[in-house]
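Here is how the chains run, residue by residue.
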Amino acid sequence: QVHMVESGGGLVQFGGSLRLSCTVSGRTLRHLAVGWFRQAPGKKRVFVAGIEWNGGQTYYSDSVKGRFTISKDNADDKVDLQMNSLKPEDTAVYYCAGRPWVATTSEGGYDYWGQGTQVTVSS
């Protein structure tokens, strides 16, 4: 069983930065790929960024490329999402999720989910 807990959400102004952290614990941390998803009010949950189990390959949605950076630290059991140049459209509840081996851009295959952390970007 893998447990994932997000932290670091909050309120920022347009152009600001925020760093989200996903603390991962459990017996399957090894070979665990992690994705960040977000769900804005009235919208479906969508993929934001992902990272392979070994921290090698990373993936980003077009809307956040160049602004967000995902990183994985197995030693610290943590996956971070550094968010820069934030826009109001980034306002959402952000979730981290885990799946075996390779991060994908869809929810399918992600078996482990955090409870989410709210990010609000004011205009």
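Residues numbered from 1 in each chain as written. Predicted model: local features only at pLDDT ≥ 70, side-chain atom pairs only at ≥ 80, totals over all residues. Heavy atoms only, no water.

## Re the overall build of the chain
Summing up its helical and strand segments, the chain has zero helices and eleven strands in all. Tracing the chain from N to C terminus, the helices and strands come up as β-β-β-β-β-β-β-β-β-β-β. Against the globule reference of 14 Å for 123 residues, the chain gives a C-alpha radius of gyration of 13 Å, in line with a compact fold. Projected onto the principal axes, the alpha-carbon positions of the chain cover approximately 40 × 25 × 25 Å. In the chain, which comprises 123 residues, the proportion classed as buried is 43%. In the structure as shown, the chain presents an accessible area of about 6,200 Å², 47% of it carried by carbon and sulfur atoms. (Helix = DSSP H or I, 4+ residues; strand = E, 2+ residues; numbered from the N terminus. Rg over C-alpha atoms; globule rule 2.2 N^0.38 Å. Buried < 20%, exposed > 50% of the residue type's maximum accessible area, 1.4 Å probe, protein only. Areas by Shrake-Rupley, 256 points an atom, 1.4 Å probe, with all protein chains shown as cover.)

## Observations concerning the pattern of salt bridges
Per the counting criterion, the structure on display carries six salt bridges. Across the pair Glu107 and Arg45 runs a salt bridge whose closest N-O atoms are separated by 2.9 Å. Here Glu107 is found in the loop between β9 (92-100) and β10 (112-113), whereas its partner Arg45 is found in the loop between β4 (32-39) and β5 (46-51), with 62 residues between them in sequence. Exposure remark for Arg45: the relative accessible area of 24% places this residue in the partly exposed category. Between Arg67 and Asp90 there is a salt bridge, with its nearest N and O atoms 2.7 Å apart. In this pair, Arg67 is assigned in the loop between β6 (58-60) and β7 (68-73) and Asp90 in the loop between β8 (78-83) and β9, connecting sequence segments 23 residues apart. For Asp90, a relative accessible area of 0% corresponds to the buried category. A single salt-bridge network, built from bridges that share partners, covers Arg19, Lys78 and Asp80. (Salt bridge = Lys/Arg side-chain N within 4 Å of Asp/Glu carboxyl O.)

## Quick look at the packing of aromatic side chains
Remark: the centre distance and the inter-plane angle together describe each pair of aromatic rings, the angle taken between the planes. Applying the stated criterion across every chain yields a total of six aromatic pairs. Seen from their ring centres, Trp53 and Trp101 are 5.9 Å apart, and the 85° between their planes marks the pair as edge-to-face. Separated by 48 residues along the polypeptide, Trp53 in the loop between β5 and β6 and Trp101 in the loop between β9 and β10 bring together distant segments of the chain. Through a chain of ring-to-ring contacts, the aromatic side chains of Phe37, Phe47, Tyr95, Tyr110 and Trp113 assemble into a single cluster. (Phe/Tyr/Trp six-rings, centres within 6.5 Å; stacked < 30°, edge-to-face > 60°.)

## A look at the side chain of His31
Among the structural elements, His31 can be located in the loop between β3 (18-26) and β4. Since its relative accessible area comes to 19%, His31 is described here as buried. If we skip the residues at most four places from it in the chain, His31 touches Trp53, Arg99, Pro100 and Trp101. (Contact = heavy atoms within 4.5 Å.)

## Things to note about the state of the cysteines
This model, assessed by the stated rule, comprises one disulfide. Through a disulfide, Cys22 is tied to Cys96; the S-S separation comes to 2.0 Å. Between Cys22 and Cys96 the disulfide shows an S-S torsion of about 65°. By sign, it is right-handed. Of the two residues, Cys22 sits in strand β3 while Cys96 sits in strand β9, which places them 74 residues apart along the sequence. Accessibility assignment for this pair places Cys22 and Cys96 in one class, buried. (Disulfide = S-S within 2.5 Å.)

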